[in-house]
Every structure is written in C-alpha cells, then in structure tokens.
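Coordinates in review
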Amino acid sequence: MKFLDEAKVYVKSGDGGAGSVSFRREAYVEFGGPDGGDGGRGGDVWAEAVESLNTLIDYRYQQHFKAKRGGHGMGKNRTGADGGDVVLKVPVGTEILDADKETVLADLTEVGERVLLAAGGRGGKGNAHFKSSTNQAPRKSQPGEPGEERWLWLRLKLIADAGLVGLPNAGKSTFLSAASRAHPKIAAYPFTTLHPNLGVVDLGAGSRFVLADIPGLIEGAHEGAGIGDRFLGHIERCAVLVHLVDATEDDPVASWRTVRDEIDAYGAGLADKPEILALNKIDAVDADTLAERKQALEAAAGKPVETVSGVSGENVRDLLGRVWETVSEARAEAAAEDAPAGWTP
C-alpha cells in the first residue's frame, strides 16, 4: 500500500427537505385542515479514526464527499426521511485542517474518535406547523436549509513513542529492523527510505513502545532540499528522539550539527524533546577511531553518546532500554496530567 500523509477533500452535508403544503380531503371526515409534513434533515459528514488504516491513499482517488439530502414532507403529516450520513475513515493521528492549511479543526488521536465536519441542513416545516386559530388553512411551508460545504486538509502524523533521526544512510532502517519485527527497505544508497516506517519494540515485562523511522535529513531540508522536512511532522508526538550518527563518517560532529540545525529550523517543539545520541555502524570502525569520534561528539553535544551496531546487534538492547526509560517517564507524566484533581494511584 502506498504511503500518503496529506490529502485535500471537499465535503458537503445534505440539504434539508422541504415542508409540504397539504390538506385533508378524506370522505366522511367532518373536519379537514392542513396536514403537510415536515422535511427531513440532511445527512452529516463525519471523520472517524479507525485502527485498520495507516495512510491517506484512499483520498487521492476520491476527494468529494456529499451526504444525502433530506426527503420532502408529504400529506397526512408524513415527515420526510433524514438523509444518510457520510463518514470519512482516517488513520489514528490524523489532523483535520481548514482550507488555509493552518487552522487545526480536530486531531484524532484515539481509535473511534469522531468529529463533525459538516452539519446537515434542517428540514423545512410543513403547513400543518403554521395552523392557528386565526389562520386555520395556511398555504405556506418552509424550504429546507442548505447543507454546509467546505474544503479541508487531512494531515497524518503517525503515533509513535520514539523517533529515529539522522542523515541519509545513518543506518536508521537497519536499526529499526534490529530493534523490532519491521522490515523496511534497506540498501547502500541515500534516501532508501522514502516514507516513515513503524516498528513495535518489545523488551519484555510489558516494556513495549512504537519506534518511527523517517527519511533522512540533509542540509537545507527545511527549505526543501532532498526530501525536505515534511516527514518531521510524524515525530512531533514522540516522547524522545534517537539521533543516529554514522560512525564511519570522517566528521561525525558535522553530521550531528547538520541534523540538529534542521530540527531547530523546523520548530514545532522538536528541538525541546529529549535526545539520545548514538554512534551507529561501530562494527565498521576500529576501536581507536571509535573512541576518538565518540569523545569528539560528546564534547560537541555536551551529553553522553551511545555506541551501537544495527548490523551486528551490539548494544542495541541497551540503547532501547534507555529509550524505554524516557518513554515510560513521559507516559507517567501524561497519565498524571489526565488524572482527576486529587486522585492518586
């Protein structure tokens, strides 16, 4: 299935049905009078987050969604049928934005969460509604109200606990495959990864989290260089960033700074997220070179640097343990914020 994380759609709710003008004319009925029924309500347009989707590719082939209009009222006080609703099924993590592509209308982060995109028009009143002591034979009714219509943007931001960042060919996809059962495409050329990949890391004893691998960043990505920084949105929800630096690079400090500069330029709070820094591909360098490059990177970043190899699996589990510590702390903080006031576990 092709990955698509952004789509523009047009939605229109159903118009309300018109009210009816009708009078009773049955034989042997002593008193007649108005009996025009009301029109039915137009259908609504909804968006619902479902578990079975992880892409917006369906909305590349269909962009227009229109709900049914309400049925017209009829004689004998018969109300028109309500129009059927339309539900847009979207992946969990989808944002609904207005046509300006800036105003966020909704953020669907849980399975089953729904949001109303366009409300159906109200049905018009039939002439029976206007009967009174001074107007016993009204000949007026209301037309149905028109439905709402609008253009909207759907933008998917994957739900992941930790995100892998780094230059192209830093070994992120190899690390993801070593850390989980995910099978991303792996090759020895830059930009092998063209869309985000997710993997579930299971360390046992209930220690499970989702790890996201996004396409690599290069200098000028925030200005559109390479694949650009559009996929950084998929790690905005992450609790921690795992920054992999290629240990075989002559200047790992420059590689680290390039990616950090792009993250800082992107904004959206990514620069403030905890970062775990690691030199990858340590199986391809000798011990002295590794020690020298690790020391230089620690001095530049001002933080400890892990050493791992996604190919051999060396130190991978130790690094994942550090990631889990940060993820579990973030989950505990989120649970505390959502707990009712005065509640203690």
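Right, let's walk through the structure included here. (Residues numbered from 1 in each chain as written. Predicted model: local features only at pLDDT ≥ 70, side-chain atom pairs only at ≥ 80, totals over all residues. Heavy atoms only, no water.)

**A look at the packing of helix α3 (residues 252-266) against helix α4 (residues 287-301)**
- The N-to-C vectors of α3 and α4 enclose an angle of 35°; their axes lie 9 Å apart at closest approach. Judged by the sense of rotation from one axis to the other, the crossing of α3 with α4 is right-handed. On α4, the residues touching Pro252, Val253, Trp256 and Arg257 of α3 are Arg293, Ala296, Leu297, Ala300 and Ala301.
- Taken together, the residues that form the contact of α3 with α4 break down as 7 nonpolar, no polar and 2 charged. (Axes fitted to C-alpha atoms, helices over the stretch in contact; angles between N-to-C directions. Helix = DSSP H or I, 4+ residues; strand = E, 2+ residues; numbered from the N terminus. Left-handed = near helix turned anticlockwise from the far one by under 90°. Contact = heavy atoms within 4.5 Å. Nonpolar A, V, L, I, M, F, W, Y, C, P; charged D, E, K, R; others polar.)

**Concerning the sheet that holds strand β1 (residues 6-12)**
- What the 5 strands build is an open sheet, ordered β5-β1-β10-β7-β8; its pairing is mixed. A strand with exactly one partner marks an edge of an open sheet, and here the two such strands are β5 (64-66) and β8 (104-108). This sheet shows a mean twist of 25° between the axes of neighbouring strands, independent of strand direction.
- Strand direction decides the pairing type here: strand β7 (residues 94-97) and β8, joined by 4 bridges, are antiparallel. Counterpart to Ile96 in the pairing with β8 is Ala106. (Pairing = 2+ DSSP bridges.)

**Some points on the pairing of β7**
- Both faces of β7 are covered, namely the face carrying Thr94 and Ile96 and the face carrying Glu95 and Leu97.
- In this antiparallel pair of consecutive strands, β7 and β8, the connection spans 6 residues, and Lys101 shows a positive phi of 65°. (Buried < 20%, exposed > 50% of the residue type's maximum accessible area, 1.4 Å probe, protein only.)

**Concerning the packing of aromatic side chains**
- Counted according to the given criterion, the structure contains 3 aromatic pairs.
- Sitting over the ring of Trp151, Lys8 keeps its end group 5.2 Å from the ring centre.
- Directly above the aromatic system of Trp153 lies the positively charged group of Lys101, at a separation of 4.2 Å from the ring centroid. (Phe/Tyr/Trp six-rings, centres within 6.5 Å; stacked < 30°, edge-to-face > 60°. Lys NZ or Arg CZ within 6 Å of the ring centre and 35° of its normal.)

Shape is all these values report; function is a separate question.
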